[in-house]
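Chain and residue survey
This is what each chain is made of:
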Amino acid sequence: MTPLLEVSGVSHSYHTMEGETKALSHITFSIDKGEFVAIVGPSGCGKTTLLTLLDGLAVPETGSILLNGRPVTEAHGRIGYMFQRDHLLEWRTILENVSLGLEIQKRLTPQARQELSRMLDAYGLGEFSSSRPSELSGGMRQRAALIRTLALKPDLLLLDEPFSALDYQTRLTVCDDISSIIRQSGRTAVLVTHDLSEAISAADRILVLSPRPGTVRAEITLDFSGENSPIRRRNMPQFSAYFNLVWKELKTQ
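Residues numbered from 1 in each chain as written. Predicted model: local features only at pLDDT ≥ 70, side-chain atom pairs only at ≥ 80, totals over all residues. Heavy atoms only, no water.

- The protein carries the name ABC transporter ATP-binding protein in an unreviewed UniProt entry, which gives Candidatus Lachnoclostridium pullistercoris as its organism.

Details of the UniProt feature "domain: ABC transporter" (unreviewed entry) in the protein
- UniProt marks residues 5–236 with the feature "domain: ABC transporter" (unreviewed entry), using the numbering shown here.
- Annotated as residues 5–236, this span is 31% helix and 27% strand, and its ends, taken at the C-alpha atoms, are 30 Å apart. (UniProt positions renumbered as here; feature names shortened; annotations may be inferred. Helix = DSSP H or I, 4+ residues; strand = E, 2+ residues; numbered from the N terminus.)

Things to note about the nonpolar core
- Counting 49 residues, the largest nonpolar core has Ile 206 and Val 246 as the members making the most contacts within it.
- Sort the elements by how many residues they give to this core and helix α5 (residues 138–150) lands first, with six residues.
- Residue contacts for Ile 206: discarding those within four places in its chain leaves Ala 38, Val 40, Ala 199, Ile 200, Ala 218, Glu 219, Ile 220, Leu 222 and Val 246.
- Among the nonpolar cores identified, the runner-up in size contains 28 residues, and Leu 4, Leu 24, Phe 29 and Leu 158 belong to it. (Core = buried A, V, L, I, M, F, W, Y, C linked by side-chain atoms within 4.5 Å. Buried < 20%, exposed > 50% of the residue type's maximum accessible area, 1.4 Å probe, protein only. Contact = heavy atoms within 4.5 Å.)

Some thoughts on the sheet that holds strand β2 (residues 19–31)
- Read from one edge to the other, the open sheet built from four strands follows the order β2-β1-β4-β5, with strand pairing classed as antiparallel. Sheet topology places β2 and β5 (70–71) at the edges, where each strand pairs with a single neighbour.
- Pairing of strand β4 (residues 62–67) with β5, which is carried by two bridges, proceeds in the antiparallel orientation. Its bridge partner lying in β5, Leu 67 is registered against Arg 70. (Pairing = 2+ DSSP bridges.)

The structure is reproduced here in structure tokens:
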């Protein structure tokens, strides 16, 4: 099976008047359709830079990034990006917020509106469709932000520490909710996070990056016997073993 995403020999540097800073060096990996991959590594290793390249917002200095066999710069809306903040607009209702992407792309048809209403109902936000963002909890706002992204039906979903602004208890619940939503939708996802427990509890596979310039130091496939709930995974015996394995890879760099 041809991978959905193919990253081959990608290197990237930042250039300033003071000189060159090499962010990534010879990154190579692939992701299959429907796979959930987490990327972890020390601060400054280039995780967010890698997401920027995967989104096609920047072009790598060397190497290639292909989505469905074509350069990501030609993806034309096939990639969704979920940020640390939800970026909901206070002057719009929740329904109007989740409709924004489709509205901008002039795809907000009556059928699309019905689908959005169905998604809001399915993910526990139906009764808040006429509410303003300030009336929702942090977790509910993140669910709304995800619905807004999924409404565009992206082939690849990029998650840049989407739970980092939440308190710990809410973070656990929202990670469980959003992971379930992504898996139910069948989307392919890449999660960047500093939280090793979060990566292990949510992903199918973890890529461990080295210190800057970031390279793929290790790929760890996770097997929780078919259990995909992040909260339930944390209570399984495999969890601590995987945590120690990822921690060892990070500490020996």
